[in-house]
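# Fold and contact review
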Amino acid sequence: MSDNLIEIRDLSFAYRERLVLKGINLTARRGQVIAIMGISGGGKTTLLRLIGGALKATRGVLEVDGVDMATLDQEGLYQLRRRMGMLFQFGALFTDLSVFDNVAFPLREHTDLPEEMIRDLVLMKLNAVGLRGAADLMPSELSGGMARRVALARAIALEPRLILYDEPFAGLDPISLGVSGNLIRRLTDTLGVTSIVVTHDIQESLRMVDYVYFVSAGVIAAQGTPDELRASTEPFVHQFVHGEENGPVPFHYPAPPYADELELAT
Amino acid sequence: MNSLLDSLRGIGARVIDGIWRMGVATRFFLRTLLQSGQSFRRFHLIIREIFSAGVLSLIIILVSGLFVGMVLGLQGYETLQTYGSEEALGTLVALSLVRELGPVLAALLFASRAGSSITAEIGLMKATEQLAAMEMMAVDPIARVVAPRFWGAVISMPILAALFSAMGILGGYLVGVVLIGVDEGSFWSQMQAAVDFREDILNGVIKSLVFGVAVTAIALFEGYDAPPTAEGVSRATTRTVVTSSLAILGLDFILTAFMFRGV
């Protein structure tokens, strides 16, 4: 068994004619938390969707758990996805099912376990995210942070080897944010899974991840451990880590000269 | 010259787009049929959908049926009386309901009550990434979400149409016999003699089954194909009602032309 759960070599992806990702190289070792960061629209979520198999790479190699994604048909992809969990940005809980039934959903779909065992497993998963007491609530009764924790319990229900997180911190209050960050770290360590976190919350990420890839304009613009990135003098990383307005990423959307547009020039 | 070319291009693009969409819809429909096995193995999934599409549509179907029957009774009596054949009221009410009004009106009501809710539900499930989440859990949304809704609605439709007709006949009876005083014996016996099981009732059931398939397939496809935004879902819901109503009326004409040719 290879040490790397994910291996991406020279991967490109084009949406219609537009090249979204160019020559990406990325590896994730088993048991690591990897952050994919970058500005919005830079291709982070596309990369996550490629790893999850929702999109197919135009060029290059993408291996997950030793399986080359390009060779998979739908059946093969579904087999692989049983070893993956994904946390969507707003949880994507099934609104017609209770919290308990949401977490039980993958177990009922993919196993023939008796109902009592499913009940025990669901309560264990809910306990791991601190929401055993909320089992009977409906998703509409949960706060944003709680919904995402329930979705996390659902994502780990089948004990995956890989968990993908799409913007797990977006729109959370500081307490929920810290709780979510710690939870991701703790679950990764106790379950021995690999976590890929797409986010732009730099402070929270640098606190808990093992390695960071910066994606900008479709390429890996920078990478390194949190300490390396904090010390980095590279302009892009510096601008991103310190949240500065001026730097390689411009504040202004491309536009004609200001003076021309206001008709000041005579 | 250029504007002419542009408008020609516009028309061409619309035609190609329309054909493309029909192809996608056909593939979607075939996939739904192919992935239906699981729904029948886990029949409780279908039962749930029969409840939400069928049972929850009961009130509007039953009340509308009753009123349509009552109006038929009034109008029919007025006309038949001119020819002195008001005893044929039972026949008139029953035949118009069983052959036409039952299947068509029930299907139109079903399209606006159940069809729109199916589209909105699936569209919102897509917009809130519930379908994508299901895919990521290695569960095919067509098998788990779409197929049970399809069969639930298709099974409900003929039953609803039959109930609509039954309530309509009751409404005709209430107005014609109880209110106006048409002879009860001839009302029922003429009806019994004139309504043929194969010609009238079975053809009515076939009609409602066809309408059920059309309405549900349109509603499911529109929901599944809706852009994942508030505006996209609202447009898809409107399109479901408009398209399926037109489909019902068009199909009704074709089916009637084949079924009742006056021989």
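None of these values were measured; they are calculated from a predicted model. (Residues numbered from 1 in each chain as written. Chains lettered and ligands numbered in written order. Predicted model: local features only at pLDDT ≥ 70, side-chain atom pairs only at ≥ 80, totals over all residues.)

### Topic: the packing of helix α3 (residues 99-110) of chain A against helix α5 (residues 144-155) of chain A
Residue and element names in this part refer to chain A. Relative orientation of the contacting elements α3 and α5 amounts to 30°, with a least axis distance of 8 Å. One element, α3, and the other, α5, form an angle in the roughly parallel class. Between α3 and α5 lies a crossing of right-handed hand. For the pair α3 and α5, contact is made by V99, N102, V103, F105 and P106 and by V150, A153 and R154, respectively. Residues belonging to the contact of α3 with α5 are distributed by class as follows: 6 nonpolar, 1 polar and 1 charged. (Axes fitted to C-alpha atoms, helices over the stretch in contact; angles between N-to-C directions. Helix = DSSP H or I, 4+ residues; strand = E, 2+ residues; numbered from the N terminus. Parallel < 35°, antiparallel > 145°, perpendicular 65-115°, else oblique. Left-handed = near helix turned anticlockwise from the far one by under 90°. Contact = placed C-beta atoms within 7 Å. Nonpolar A, V, L, I, M, F, W, Y, C, P; charged D, E, K, R; others polar.)

### Examining the packing of helix α5 (residues 89-127) of chain B against helix α7 (residues 141-180) of chain B
All names here are of chain B. Viewed as axis vectors pointing N to C, α5 and α7 meet at an angle of 145°, and their least axial separation amounts to 7 Å. The handedness of the crossing between α5 and α7 comes out as right-handed. For the contact of α5 with α7, the residue count by class is 22 nonpolar, 5 polar and 1 charged.

### A closer look at the environment of D196 of chain B
Tracing the backbone shows D196 of chain B in the loop between α8 (184-194) and α9 (197-225). Sequence separation between D196 of chain B and L95 of chain B is 101 residues; the distance between their C-alpha atoms is 9.3 Å.

### Structural notes on the confidence of the model for chain B
As a general rule, the predicted coordinates of low-pLDDT regions are not to be interpreted in detail. Residue-level pLDDT values for chain B average 93, and 99% of them are 70 or greater. Both scores are available for the predicted complex, with the pTM at 0.85 and the ipTM at 0.82. (pLDDT = per-residue confidence, 0-100.)

### A word on unusual backbone geometry
As a rule of thumb, non-glycine residues mostly have phi less than zero, and peptide bonds are mostly trans rather than cis. Residues and elements named next belong to chain A. One non-glycine residue, R16, lies in positive phi territory at about 50°. With a phi angle near 50°, A92 is a residue other than glycine that sits in the positive phi range. Mapped onto the elements of the fold, A92 is located in the loop between β6 (84-87) and α3. Note on A92: 25 C-beta atoms within 10 Å, which makes it buried. (Buried ≥ 20, exposed ≤ 12 C-beta atoms within 10 Å, placed from the backbone.)

### Considerations on helix α1 (residues 2-34) of chain B
Taking 1.5 Å as the rise per residue, α1 of chain B with 33 residues should run 48 Å; its terminal C-alpha atoms sit 47 Å apart, in good agreement. Little of α1 of chain B sits inside the fold, with 1 of its 33 residues counted as buried. (Expected span 1.5 Å × (residues − 1).)

### Regarding the sheet that holds strand β10 (residues 219-224) of chain A
The pairing of strands in a sheet comes from backbone hydrogen bonds and takes either a parallel or an antiparallel form. Residues and elements named next belong to chain A. With mixed pairing, the 6 strands of this open sheet are ordered in space as β6-β7-β8-β3-β9-β10. At either end of the open sheet lies a strand with only one pairing partner, and these are β6 and β10. Taking each pair of neighbouring strands and ignoring which way they run, the sheet shows an average axis angle of 15°. As paired strands, strand β7 (residues 162-166) and strand β8 (residues 194-198) are joined by 5 bridges and run parallel to one another. Directly across from I163, in β8, lies its bridge partner S195. (Pairing = 2+ DSSP bridges.)

### Some remarks on the interface of chain A and chain B
Of the residues lining the interface, 14 residues belong to chain A; the matching set on chain B comes to 10 residues. Counting residues per element, the ones that place at least two in the side of chain A that touches chain B are α2 (74-81), β6 and α3 of chain A. The dominant element in the side of chain A that touches chain B, judged by the number of residues it contributes, is α3 of chain A, at 3 residues. Residue composition of the side of chain A that touches chain B, by class: 9 nonpolar, 2 polar and 3 charged.

### Examining the pairing of strand β3 (residues 33-37) of chain A
All names here are of chain A. Among the 5 residues of β3, 5 are classified as buried, and the element is accordingly described as predominantly covered. Burial along β3 is two-sided: V33, A35 and M37 and I34 and I36, pointing in opposite directions, are all buried. Relative to strand β9 (residues 211-216), β3 is paired through 4 bridges, and the arrangement is parallel. Bridge pairing in β9 places M37 opposite F214.

### Observations concerning the nonpolar core
One finds I36, L164 and F214 of chain A together with A107 of chain B to be the most contacted residues of the largest nonpolar core, which totals 135 residues. The dominant element in this core, judged by the number of residues it contributes, is α5 of chain B, at 19 residues. With residues up to four places along the chain from it excluded, the contact list for I36 of chain A reads K44, L47, L48, I196, V198, Y213 and V215 of chain A. (Core = buried A, V, L, I, M, F, W, Y, C linked by C-beta atoms within 7 Å.)

### Focus on the sheet that holds strand β2 (residues 18-29) of chain A
Residues and elements named next belong to chain A. Strand order in the open sheet formed by 4 strands is β2-β1-β4-β5, with antiparallel pairing between adjacent strands. Whereas interior strands pair on both sides, the edge strands pair on one side only; in this sheet they are β2 and β5 (67-68). Sheet topology places strand β1 (residues 4-15) next to strand β4 (residues 59-64); 5 bridges connect them, and they run antiparallel. Counted as the bridge partner of R9 is V61 from β4. Sitting on the sheet, helix α1 (residues 44-52) is in contact with β1, β2 and β4, with an inclination near 60° to β2.

### Details of the confidence of the model for chain A
Here chain A averages 85 in pLDDT, while 98% of its residues score no lower than 70. The least confident element of chain A, judged by mean pLDDT, is helix α9 (residues 235-242) of chain A at 77; the most confident is α3 of chain A at 92.

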